[in-house]
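Geometric and topological summary
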Amino acid sequence: MKLYLRMLGNSYQQNIAYKANVLMNLMGQILGLFIQISVWVALYGGSQGVNSNIGFVSIQEMIYYVILSTGISMIIGNQVIEQMDGKIKSGIIAMDLIKPMNFFVNILCETLGNNFFRITFQLTPLILIGFFIFDMTIPSFTNMMLFIISLINSFILNFIISFILGIIGFWYLSVWHFSRLLEDVVRLFGGIWIPLWFFPKSLVVVSSFLPFQYIYYVPINIYLEKLSLNKSFEMLTSQYIWILLLSGLTYVLWRKGINSLVIQGG
Amino acid sequence: MSLISVNNLTKQFQRPIRQEGFTGAVKDLFHRQYEYKTAVNDISFQINQGEIVGYLGPNGAGKSTTIKMMVGILVPTAGSVTVNELIPYKNRKIHAKNIGVVFGQRTQLWWDIPVTESLLLMKYMYKIPNDQYRKNIELFSDILDLHEFKNTAVRQLSLGQRMRADLCAALLHDPKILFLDEPTIGLDVVVKEKIREFIKEINKVRQTTVVLTTHDMDDVEKLCSRVIVIDHGQIMYDGNISHLKDKYGSDEIITIEPEHNHDLISLRDKLLSLNVMDTKIKDLKLQITYNKGDINSMQILSKIMSESSIIDFTIQPCEIDEVIRRMYTENSLKGKLKI
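What comes next concerns the included structure. As the structure is a prediction and not an experimental result, all values here were calculated from the model. (Residues numbered from 1 in each chain as written. Chains lettered and ligands numbered in written order. Predicted model: local features only at pLDDT ≥ 70, side-chain atom pairs only at ≥ 80, totals over all residues. Heavy atoms only, no water.)

Residues and elements named next belong to chain A. Throughout the structure, instances matching the rule amount to 20 salt bridges over all chains. A salt bridge links Arg187 to Glu183; its shortest N-O distance comes to 3.3 Å. Within this pair, Arg187 and its partner Glu183 are both found in helix H9 (residues 176-189), separated by 4 residues, close to a single helical turn. (Salt bridge = Lys/Arg side-chain N within 4 Å of Asp/Glu carboxyl O. Helix = DSSP H or I, 4+ residues; strand = E, 2+ residues; numbered from the N terminus.)

Right, dumping it as structure tokens:
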């Protein structure tokens, strides 16, 4: 345990070494936020709200949605696929495997370290902007709690999906393009840019069979109090089911993958 | 029961064959062909506790592949490896606690943090008790001179410094077996010597078994009690060094400087009656090449001294370098003939 805490701390510290990177990243995120908000304001065209498949959605709610989705990406995002891709391609993975530690937990610690770093240096400014410029409000206590729980689940779910795609590198050696694919799929079905509220029926049906909406769409809806308490619990249960299913898949793939692993280079 | 037991071990790699040019690349996309390369082919050997074994062979002979299977990061295609009664790849985490590994070309330390921090992480990872950790750090820092760079980030170390830090890290948990894959590659003479002394010391004091691959024959001669030579994935030789010399290179050279130059020719003619391989006159000296199995140096010298007086002589024993080189080339010639 102490080991993993230390590794988490190291990963946090390593980020501090690249300060310019952090600043640029933050500016990029905030710029992106304002662009998205401008687009939605233009789309609404001065009307106070539009009808969607969950009812009336006001421009204010839409702006909150965009801010929340940006914030969530800072909390739950990861570079697991790129990381594993690099380790497998260069053969450095050998150095991780000769140590008496769990590879999954090892990567998880590094990710957590990075994310805590982002939470302190990127999320804080975003929260300030949200509350002071766009007058965001906090939901009821129950919804806030549910939001936090669902957010933790989102993190786990996103991490596991990335890890699975990383494992595929054991067979195909190069998987970074999966990372791009995953990003786009989550962007669409997870509702990062366009909420599932505005989706045609068919896409909503497809999305309900996929794990991606549980990463962004569900926590945001809970925060915005768009779901009844029952529906919220139902969504949390679905998150747990997906986590369980994908954990099983991770385990099986890891077992198989490690057997066909080829260590690159000398 | 031997500590390491390798039985009929085989490892085969599958490699896609890339066709040339753009059309080739498109063809590959739809119909990929594979070739199979056998890196290690049906090898067997046993290693006992306390041995220092040199695992030698030319580039691409299968050395690293074997080491990787012994440390548990590659799964054999056929055959078995048992190390300390465990199957490495099946019991990876328990196995990892029994062994120390240094790959000369890579580091197991954390790139961005200082050496001491990295070593501390090792302590937690291997659950090393405090007093053992303190004692080892003290001992290793002294022998390996870690003091001068212990607070530097690993990425800023020189190769020699990094290698010493890596060795220290690999031995903190008192492993039973130490695997070294080219530990002296690219190092200067002083650091090489330091590392050799360290390995010897650890082996003597702790009875740590050492398996090392290297291309440096000095390493072999100064460290190894036994060598295993592998080429084309097969074992060419397994035994001690002196026997290796007897078998593959028992040629020695005596160089004689006679008092009078005019003796040179007559001396050479007289030696023809002895069972020597070759005689040569070079720079007013006589070079005699002979096989130790046929005749010994005393017989040659007494013959010469009975004929004339000499000022000086040197005996040049066969270098292990030469022996191994001969083995490799002989083998590759044989390989070519087979085809």
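There is more to say after this.
Right, let's get into unusual backbone geometry. Residues and elements named next belong to chain B. The phi angle at Asn84 is positive, at roughly 55°, despite the residue not being glycine. Looking at the element boundaries, Asn84 is found in the loop between strand S4 (78-83) and helix H3 (92-98). Accessibility expressed as a relative area gives 19% for Asn84, which makes it buried. In the Ramachandran plot, Leu284 falls in the positive-phi region, its phi being about 60° despite a non-glycine side chain. Along the chain, the position of Leu284 falls in the loop between strand S11 (278-282) and strand S12 (285-291). Taking the relative accessible area as the measure of exposure, Leu284 reaches 49% and is therefore partly exposed. (Buried < 20%, exposed > 50% of the residue type's maximum accessible area, 1.4 Å probe, protein only.)

A few words on the nonpolar core. The nonpolar side chains of soluble globular proteins are, as a tendency, buried together. Among the nonpolar cores identified, the biggest contains 105 residues, and Ile4, Met70 and Phe179 of chain B are the most heavily contacted of them. Phe140, Leu171, Val323 and Ile324 of chain B belong to the second-largest nonpolar core, a separate cluster that totals 57 residues. (Core = buried A, V, L, I, M, F, W, Y, C linked by side-chain atoms within 4.5 Å.)

Right, let's talk about the side chain of Glu61 of chain A for a bit. Structurally, Glu61 of chain A can be placed in helix H3 (residues 59-76). Discounting chain neighbours no more than four positions away, the residues touching Glu61 of chain A are Phe56, Leu224 and Lys226 of chain A. (Contact = heavy atoms within 4.5 Å.)

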